[in-house]
Amino acid sequence: MAPAELIQKLENTIETIPDFPQPGILFKDICPIFLQPKLYEEVIADLAAFSRGKVDVVCGIESRGYLFGIAIAIALDVPFVLIRKAGKLPPPFIGEKYDLEYGSAEIEMKTNHLKAGQRVLIHDDLLATGGTTEAAAKLVSKQGATPAQFSFLINLKDLNGEERLKKFGAEVYSILNY
Ligand code: AMP
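Definitions and cut-offs
- Residues numbered from 1 in each chain as written.
- Predicted model: local features only at pLDDT ≥ 70, side-chain atom pairs only at ≥ 80, totals over all residues.
- Heavy atoms only, no water.
- Helix = DSSP H or I, 4+ residues; strand = E, 2+ residues; numbered from the N terminus.
- Rg over C-alpha atoms; globule rule 2.2 N^0.38 Å.
- Buried < 20%, exposed > 50% of the residue type's maximum accessible area, 1.4 Å probe, protein only.
- Contact = heavy atoms within 4.5 Å.
- Core = buried A, V, L, I, M, F, W, Y, C linked by side-chain atoms within 4.5 Å.
- Pairing = 2+ DSSP bridges.
- Right-handed = clockwise from strand over helix to strand, strands pointing away.

Caption draft 1: How the structure looks around the overall build of the protein chain. When you go through the protein chain residue by residue, the secondary structure sums to five helices and 10 strands. For the protein chain, whose C-alpha radius of gyration is 15 Å, the value lies close to the compact-globule estimate of 16 Å for 178 residues. Taken along its principal axes, the extent of the C-alpha atoms in the protein chain is 40 × 40 × 30 Å. Counting over 178 residues, the protein chain shows a buried share of 50%. For the protein chain, contacts bridging at least 24 residues in sequence account for 60% of all contacts bridging at least 6.

Written out as structure tokens, the structure reads:
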């Protein structure tokens, strides 16, 4: 559980936009966090504390997963590996198709950046249905590494993303749970 003070600050900072990018979606805009460098530091410290000593690599999911993932990896002094949207990585890479809360997509990952047996933190800004994170975990598993932890700033609990991640047996942490 994140410190109550951090939760409060984030709740006051993250903006909620109804019906974006489609009717019925309550979009959570995390960008105002970057207007407050000290708050950003607190977020990184909190997310890094969850993973310290428990992972060998951080994988961030494009693109908002990079905004915090790289800083978490630096704080932990471990490598950072990008999980990208399809069509952007030069070979060698592998891909995984998945369903989104809105639409469908495919993500890809280099096959020469992870080592078999590594414990991996998969990080994204927000957990909704869990489709994106599940696909990321499959990419990690296919390379013989272990999805050991998942972290997010926000978990939209009603969409049951956490349920979908249970099969990986990994720890899950999110600062905010709506
Ligand atoms: P999902 O695969 O359904 O868990 O969706 C997670 C991905 O979609 C994350 O990369 C989020 O950035 C984005 N996303 C999904 N729902 C929302 C939302 N309500 N507000 C902001 N981003 C969202």
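Still more to cover.
Caption draft 2: Expanded view of the nonpolar core. In terms of nonpolar packing, the biggest core is built from 33 residues, with Leu10, Ile33, Phe68 and Ile175 touching the most fellow members. At the level of secondary structure, the elements contributing two or more residues to this core comprise helix 1 (4-13), helix 2 (37-51), helix 3 (64-76), strand 9 (146-155) and strand 10 (171-177). It is helix 2 that provides the largest number of residues to this core, a total of seven residues. Once you skip the residues sitting within four places of it in the chain, Phe68 turns out to touch Ile30, Ile33, Phe34, Tyr40, Val43, Ile44, Leu47, His123 and Leu153. Grouped together as the second largest cluster of nonpolar side chains are 23 residues, Ile83, Ile107, Ala137 and Ala170 included.

Caption draft 3: Highlighting the pairing of strand 4 (residues 80-85). Pairing between strand 3 (residues 57-61) and strand 4: four bridges, direction parallel. Paired with Val58 across the bridge in strand 4 is Phe80. The parallel pair strand 3 and strand 4, bridged by helix 3, forms a crossover whose chirality is right-handed. Pairing between strand 4 and strand 6 (residues 104-110): two bridges, direction antiparallel.

Caption draft 4: Representation of the pairing of strand 9 in the model. Extensive coverage of strand 9 is indicated by the burial of eight of its 10 residues. Pairing of strand 7 (residues 119-123) with strand 9 involves five bridges; the strand directions are parallel. Residue Val120 lies in a different strand from strand 9, and its bridge partner there is Pro147. Tracing the backbone out of strand 8 (residues 126-127), into helix 4 (residues 131-142) and back to the parallel element strand 9 gives a crossover that is right-handed. Where strand 9 meets strand 10, six bridges bridge the pair, whose relative direction is parallel. From the neighbouring strand, Ile154 faces strand 10, where its bridge partner is Leu176.

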